[in-house]
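Geometric and topological summary
Residue-level listing of the chains:
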Amino acid sequence: MGAPQKTQKQLPLRPAGPDTVAALLRWYEAERRDLPWRYGPRKKADPYRVWLSEIMLQQTTVKAVIPYFQKFVARWPNVAALAAAQLEEVLQQWAGLGYYSRARNLKACADAVVRDFDGVFPRTEVELRELPGIGPYTAAAIAAIAFGEKATPVDGNIERVVSRLFAVQQPLPAAKTEIRNLAATLTPARRAGDFAQAMMDLGAEICTPKNPSCLVCPVQPDCAASARGIAETLPIKAQKLARPSRFGIAFLVQREDGAVLLRQRPEAGLLGGMLEVPSTHWGDASPSKREALRSAPVTTSWMAVPGPVVHVFTHFRLELVVYRAIVPVDASFTLWAEQDRCRWVHRRDLHAQALPSVMKKVIAHGMNAE
DNA sequence: GACCCGTGGGC
DNA sequence: TGCCCAAGGGT
């Protein structure tokens, strides 16, 4: 033979199973995160709070969610209160958290629970799955955490932990089915909720995407990926496409009394139902000045504010050049935009509007340009 | 399965 | 800076 083969040391490894889960649950009881929607290990939490937190946490970090969660439960302490609210209020309170269809579905779900279930959340995955905004993950999470049902929510954390525990080599998203089955195999009948939350805490604090802390991991002895030294490389993900750029011109119209012209966006699609600063179409290239003026909401003299506002969405990057104008308070100008969707909002009231972050950026950029 | 749908933070 | 990431759902 040639040079001695440098094989990786293979420790005897039992596949993850009930003992792994027991070790994980012990770790959870000692190290669990204290979060405002949790009631404590071995306890079932308030279904309303679990549901609200799970919707907010969809693709959103715990840190970003906490202040919104506190604000919502203070204002609407139960599902009946939320059902009695106006959608407009809910969108206002949701502004800044992103993925605004969640806010619409949140309201629709509260309405449905009050209407169809007498204000009591159903406890099974199948029933929960029928409600607006509740998909397979959230249905399983609520069933397990709030009701103690044996359900297996699989989020990004759990996908990562499971793919490492079993050294799943198949790339995502194709591997989702296998990962789900493996996670279900581990789920204990008694403490499915604690198990799910323990897996999520482990993923958030130990089994992180980069630089996982295998040395202090409670289930490291049972982890196939750690044994092979490939934990950080898992899960393998399919390549992503480059993010295209779009360009437009936004028209910040300020009235002499300090009001700003805003318009409500269509209910469906990007930033659905939220307020916006009127703008041109967002296209693949910057609109010409001629094109821009054709879509201006009023005929007036515009000042181009130096430097575009750049905002990155999930699937494209947006550059908006802000045109700014001051108009008189009387109606001595013509409003070309769809008037019924437009409103004047005083500067001091902007914070209470359903304004997405990108539009707050546009307004701040334009108003600071003086 | 593939797209669309926000935002802020970490590195 | 640019990319990745975060307790996904709807279509």
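Our subject is the structure that appears above.
What this report covers is the structure whose coordinates are included nearby. Owing to the predicted nature of the structure, the values given are computational and were not obtained by experimental measurement.

Quick word on the protein's contact with DNA strand C
The local shell around DNA strand C holds 26 residues, among which Glu54, Thr138, Asp155, Asn157 and Arg160 are the closest. In the interface set of DNA strand C, defined as its atoms within 4 Å of the protein, sugar plus phosphate atoms amount to 65%. Interatomic distance of 3.1 Å between a backbone N/O atom of Gly156 and a phosphate oxygen of DNA strand C. Counting residues per element, the ones that place at least two in the surface near DNA strand C are helix H8 (136-147) and helix H9 (156-165). Residues that form the surface near DNA strand C fall into these classes: 10 nonpolar, nine polar and seven charged.

Here's the deal with the packing of aromatic side chains
Within the structure shown, the criterion is met by nine aromatic pairs. Their ring planes at 45° and their centres at 5.8 Å tell us that Tyr48 and Trp51 sit as a pair that is tilted. With Tyr48 and Trp51 both in helix H2 (residues 47-56) and three residues apart, the pair spans about one turn of that helix. Across the pair, exposure class does not vary: Tyr48 and Trp51 are buried alike. Both rings, one in Phe251 and one in Tyr323, keep their centres 5.9 Å apart while their planes meet at 90°; by these two values the pair is edge-to-face. On the criterion of sequence distance, the pair formed by Phe251 in strand S1 (residues 245-255) and Tyr323 in strand S6 (residues 317-327) is long-range, its members being 72 residues apart. Note on accessibility: Phe251 and Tyr323 belong to one class, buried.

Looking at the packing of helix H5 (residues 87-94) against helix H6 (residues 101-117)
Between H5 and H6, the shortest axis-to-axis distance is 9 Å and the interhelical angle comes to 140°. Here H6 runs oblique to H5, going by the angle between their axes. For the element pair H5 and H6, the recorded crossing hand is right-handed. Of the residues in H6, those in contact with Leu87, Val90, Leu91 and Trp94 of H5 are Arg102, Ala103, Arg104, Leu106 and Lys107. Residues that form the contact of H5 with H6 fall into these classes: six nonpolar, no polar and three charged.

What counts and how
- Residues numbered from 1 in each chain as written.
- Chains lettered and ligands numbered in written order.
- Predicted model: local features only at pLDDT ≥ 70, side-chain atom pairs only at ≥ 80, totals over all residues.
- Heavy atoms only, no water.
- Near = heavy atom within 4 Å.
- Polar contact = N/O pair within 3.5 Å; in protein donor to acceptor, adjacent residues only side chain to side chain.
- Helix = DSSP H or I, 4+ residues; strand = E, 2+ residues; numbered from the N terminus.
- Nonpolar A, V, L, I, M, F, W, Y, C, P; charged D, E, K, R; others polar.
- Phe/Tyr/Trp six-rings, centres within 6.5 Å; stacked < 30°, edge-to-face > 60°.
- Buried < 20%, exposed > 50% of the residue type's maximum accessible area, 1.4 Å probe, protein only.
- Axes fitted to C-alpha atoms, helices over the stretch in contact; angles between N-to-C directions.
- Parallel < 35°, antiparallel > 145°, perpendicular 65-115°, else oblique.
- Left-handed = near helix turned anticlockwise from the far one by under 90°.
- Contact = heavy atoms within 4.5 Å.

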